[in-house]
Amino acid sequence: MRVAAWYGTNGVATIIGSLCVFGLGHIHSPILFSYQIIFLVFGLITVITAPLIYFALDNSVASARFLTPEDRVKGVERLRANQTGIKSTVFKWSHVWEMVLDPKTIGFIAMTLFVNVGASTSNVFGPLILQGIAGFSASNTTLLNVPFGVLQVIVILAASYVAFKTKTKSTVFIAFMFPVVIGAALLYSLPHTKKNEGPLLLGYYLLAFLFAANPIIISWIAANVGGQTKKASFFCLYNASSSAGNIIGPQLFNSKDAPAYKSGLKAVLGIFVALIGIIAIQAVILAFLNKRKEGQRVKNGKPAKLHDMSMDTKFDNSAPADAHLGANAFLDQTDGENDEFVYVL
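All of the points below concern the structure found in this document. (Residues numbered from 1 in each chain as written. Predicted model: local features only at pLDDT ≥ 70, side-chain atom pairs only at ≥ 80, totals over all residues. Heavy atoms only, no water.)

Another point: unusual backbone geometry. With phi around 60°, Lys167 is a residue other than glycine that occupies positive phi space. Topologically, Lys167 is positioned in the loop between helix H7 (138–166) and helix H8 (170–189). Using a relative accessible area of 27% as the deciding quantity, one classes Lys167 as partly exposed. (Helix = DSSP H or I, 4+ residues; strand = E, 2+ residues; numbered from the N terminus. Buried < 20%, exposed > 50% of the residue type's maximum accessible area, 1.4 Å probe, protein only.)

Right under this line is the structure:
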């Protein structure tokens, strides 16, 4: 839920940003264009706030200033329970090679790439698509993004809450992607006329469900990758894939296709359908890896089935019945090396 609260600020930014752009766009200057004024204002806000945030953030659970000493111990014990380890400053090449050969790596990278190709559609071409829907003006287009931002916040928090309560990622992820497919299908299939203004606007707003994806992916990766070097490398790939998706997305839309952008919407629709398939395949891969871990544990004289206490609503940090269980948690082992690791589907 903390990841959701952090990522939900994207929706808040859409709301505040749209209102600010609407207001700043009405400033007429003989020196600066409207877009220059907008970028200067937001750039100045970033320059001022970035150093404050840098010094306010803590580095790890063990040193978090907002936690009491007792809560820090509980936080560390929860990390022991999910077997993902705590902070380590030693870079291990073996972790990197394992990440490269890991069967789940390609799935997470493909998900991230496809999600951000689609997200760039609404971020970059949202205003153009809205203008193409029965010809909304530029000013009205900006204000119509406010409800889109509200939906982003609601969808992100709702998806993460449901994933937290159900203790699963893949099923919730797929469920929240179906409205995205429906929205893209409406935008692609319906003629962009005044008569279809309502259904087309609904289709555009359904794209907001896509923003449930990134917080789920981030938490899904964090729950399924052990070892600090492997996890850090994994998130480097995540950021690279996210950036690549934002580069590729705008290339799908060509000015010659305006105002309906049918070819771009067709491509995005195909990407969203493929995304659902990738999520399902990833869940199968993780289930297979769990079965393999069960075999490893039995071979090592441990129980085949382990309960992941870190996923419990109320965390119990009492010692496990078997004193040998949990001994690997702080050895900076990868999920592949640690036979007690349980993958989250």
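What follows concerns helix H11 (residues 228–251). Spanning 24 residues, H11 covers 35 Å between terminal C-alpha atoms, matching the ideal 34 Å at 1.5 Å per step. Among all positions of H11, only Gln228, Thr229, Lys230, Lys231, Ser233, Phe234, Tyr238, Ser241, Ser242, Gly245, Gly249 and Pro250 are buried. (Expected span 1.5 Å × (residues − 1).)

Moving on, we come to helix H3 (residues 34–56). The terminal C-alpha atoms of H3 lie 33 Å apart, and with 23 residues this matches the ideal 33 Å at 1.5 Å per residue to within 8%. Its axis deflected by about 30° at Thr49, H3 carries its strongest bend there, up to four residues before the proline Pro51. (Bend = angle between axes of the 7 residues up to and from the residue.)

The subject of this paragraph is the packing of helix H10 (residues 213–224) against H11. The relative placement of two packed helices is expressed as an angle between their axes plus a distance between the axes. Packing of H10 against H11 leaves a shortest axis separation of 10 Å and a crossing angle of 160°. One finds that H10 runs roughly antiparallel with respect to H11. Crossing of H10 against H11: the hand is right-handed. Side by side, H10 and H11 meet where Asn214, Ile217, Ile218, Ile221 and Ala222 of the first sit next to Lys231, Phe234, Phe235 and Tyr238 of the second. Here the residues of the contact of H10 with H11 are counted per class, giving seven nonpolar, one polar and one charged. (Axes fitted to C-alpha atoms, helices over the stretch in contact; angles between N-to-C directions. Parallel < 35°, antiparallel > 145°, perpendicular 65-115°, else oblique. Left-handed = near helix turned anticlockwise from the far one by under 90°. Contact = heavy atoms within 4.5 Å. Nonpolar A, V, L, I, M, F, W, Y, C, P; charged D, E, K, R; others polar.)

Nothing here speaks to function; it is geometry throughout.
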